[in-house]
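Tertiary structure, described
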Amino acid sequence: MTAAVSNSNPSLVKGLKCRECGNTYDKAPIHVCEFCFGPLEVDYDYAAIGKILTRSKIESRPHTMWRYAELLPIDGPPSVGQATGMTPLVRADRLAKRLGLKEVWVKNDAVSHPSLSFKDRVVSVAVSKAIEFGIGTIACASTGNLANATASQAAAAGLPSVILIPHDLENAKVLGTSIYGARVVGVKGTYDDVNRLCSEIAGKYGWGFVNVNLRPFYAEGSKSYAYEVAEQLGWRLPAHIVVPMAGGSLVTKVGKAFGELEKLGLLSAPVRKPRIHGAQAAGCAPIIDMVLENRDQVRPVKKPTSIAKSLAIGNPADGFYARQTIIGSGGWAAKPDDEEILSAMSLLAETEGIFTETAGGVTLAAAIKLIAGGQIGKDDGPVVISITGNGMKTQDPLVGRLPQPKLIGPRLGDFDELQATWT
């Protein structure tokens, strides 16, 4: 059993702070500023953290996301997800050769515990925080992976869960939610319709919606993905990291995490400034369009049309901040089409033996476009491809695309005849 690491000094989290007007709040299940309606985020005491958190202390701890406990917003040991995190950072030399790059790494959350996506990280923080607040029912709005993670970890905590999803979600993700005993509700509409409904339900019932009223705490779990990348690279930052975007939170937290590591002096010198690139599918790319068209306002996509359903959020909550993170890092953005997404899924599987979901196909296909456009140079140094979910969850788009098994009789001669046709 993995030992838990706890933040034993609650004062390391001062409270919540509005990202727009700077107004401060006590720790509570709230996510919107009552003065300007801006989003709230966790406010840390970095001076206090800097006095107690060292690389040697981190390295002495269990290989989970909780080795960075001082930079995560719960006050005691995690109630769930004690074994979550520290997924492999795979050196992908065969993929690098195909891409024409010097050095490529794949951060592989397709094998995340317990539900095979990076959403396990954010949910372990949100559910643990909900329990600290005394909340008795866990809920979420989801395009799939979050549904799996929320249902799984609510079950592990012994709490009931209510999961609201778009009605046309992939069957594998629906099954991977229902198995945990969750109450699953399909909503006739897009994810944005689901999310609006969840905001109303949260206000009426007081449930802990991980990505609504618990969102400030939930989002902080994403930072562990970036902390691990830096540590696994020898406490250095990559030259480039390509990140998939749905609501835009992950890309902003990658930028925040890298900045925190630098601020706390945890990185090896000299410290490089990584370029952070965003990836969305062409059928739903509101954040990418903000970058490409040089505007700071989200233009919502009313009807997403892409096989990458886990990224199909037409009105991303963190779109403005995601664009800021990308542009501020010197990064760029790309939006591959469905054919490019499927080809990238096959490329990753054939070169590195990693089966990613469609969102991972988006990320790799976007990287290919960025290489072709010169935004990622062939000799720039480490390039990290962010794989955030498992391909077993999104098999439907591959049906009819891959070769069918060859059928032969049960005799060696039958096999010999088939093998002779192989080249």
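First things first, this report covers the structure right here in the doc. Every value quoted in this text rests on a predicted model; they were computed, and no experiment measured them.

About the thresholds
- Residues numbered from 1 in each chain as written.
- Predicted model: local features only at pLDDT ≥ 70, side-chain atom pairs only at ≥ 80, totals over all residues.
- Heavy atoms only, no water.
- Helix = DSSP H or I, 4+ residues; strand = E, 2+ residues; numbered from the N terminus.
- Rg over C-alpha atoms; globule rule 2.2 N^0.38 Å.
- Contact = heavy atoms within 4.5 Å.
- Areas by Shrake-Rupley, 256 points an atom, 1.4 Å probe, with all protein chains shown as cover.
- Lys, Arg positive; Asp, Glu negative; His and termini not counted.
- Charge placed at Lys NZ, Arg CZ, Asp CG, Glu CD.
- Phe/Tyr/Trp six-rings, centres within 6.5 Å; stacked < 30°, edge-to-face > 60°.
- Buried < 20%, exposed > 50% of the residue type's maximum accessible area, 1.4 Å probe, protein only.
- Axes fitted to C-alpha atoms, helices over the stretch in contact; angles between N-to-C directions.
- Parallel < 35°, antiparallel > 145°, perpendicular 65-115°, else oblique.
- Core = buried A, V, L, I, M, F, W, Y, C linked by side-chain atoms within 4.5 Å.

1. Quick look at the overall build of the protein chain
- When helices and strands are tallied, the protein chain shows 15 helices and 13 strands.
- Here the C-alpha radius of gyration of the protein chain, 21 Å, is about what a compact globule of 423 residues would show, namely 22 Å.
- Taken over the C-alpha atoms alone, the protein chain extends approximately 75 × 50 × 50 Å along its principal axes.
- Within the protein chain, counting contacts between residues at least 6 apart in sequence, those at least 24 apart form 71% of the total.
- As presented, the protein chain carries roughly 17400 Å² of accessible surface, and 52% of it is formed by carbon and sulfur atoms.
- With 45 positive and 41 negative side-chain charges, the protein chain shows a separation of 2 Å between the mean positions of the two kinds.

2. Points about the packing of aromatic side chains
- Under the criterion given, the structure shown has seven aromatic pairs.
- Measuring from ring centre to ring centre gives 5.5 Å for Phe133 and Phe217, while their planes differ by 70°; the resulting arrangement is edge-to-face. Residue Phe133 is found in helix α4 (residues 119-133), and its partner Phe217 is found in helix α8 (residues 215-220); the two are separated by 84 residues along the sequence.
- Note on Phe133: relative accessible area 26%, which makes it partly exposed.
- Both rings, one in Trp207 and one in Phe209, keep their centres 6.5 Å apart while their planes meet at 25°; by these two values the pair is stacked.
- Take Trp207: its relative accessible area is 23%, and that puts it in the partly exposed class.
- The exposure class assigned to Phe209 is buried, which follows from its relative accessible area of 0%.

3. Considering the packing of helix α13 (residues 338-352) against helix α14 (residues 358-372)
- The interhelical angle for the contact between α13 and α14, taken along N-to-C directions, is 95°, at an axis separation of 7 Å. On the basis of their axis angle, the class for α13 and α14 is roughly perpendicular. Between α13 and α14, the residues in contact are Glu340, Ile341, Ala344, Met345, Leu347 and Leu348 and Thr358, Gly361, Val362, Leu364, Ala365, Ile368 and Lys369, respectively.

4. Remarks on the nonpolar core
- Judged by nonpolar contacts, the single largest core of 53 residues is most densely connected at Ile49 and Val254.
- Only β1 (13-18), β3 (40-44), α1 (46-52), α9 (223-232), β10 (240-244), α10 (249-263), α11 (286-292) and α12 (319-329) provide two or more residues apiece to this core.
- Among the elements that take part in this core, α10 stands out by supplying six residues, more than any other.
- Here Val254 is in contact with Ala226, Ile241, Val243 and Ile276, once residues within four sequence places are set aside.
- In this structure, Leu99, Val104, Val242 and Leu398 belong to the second largest nonpolar core, which totals 49 residues.

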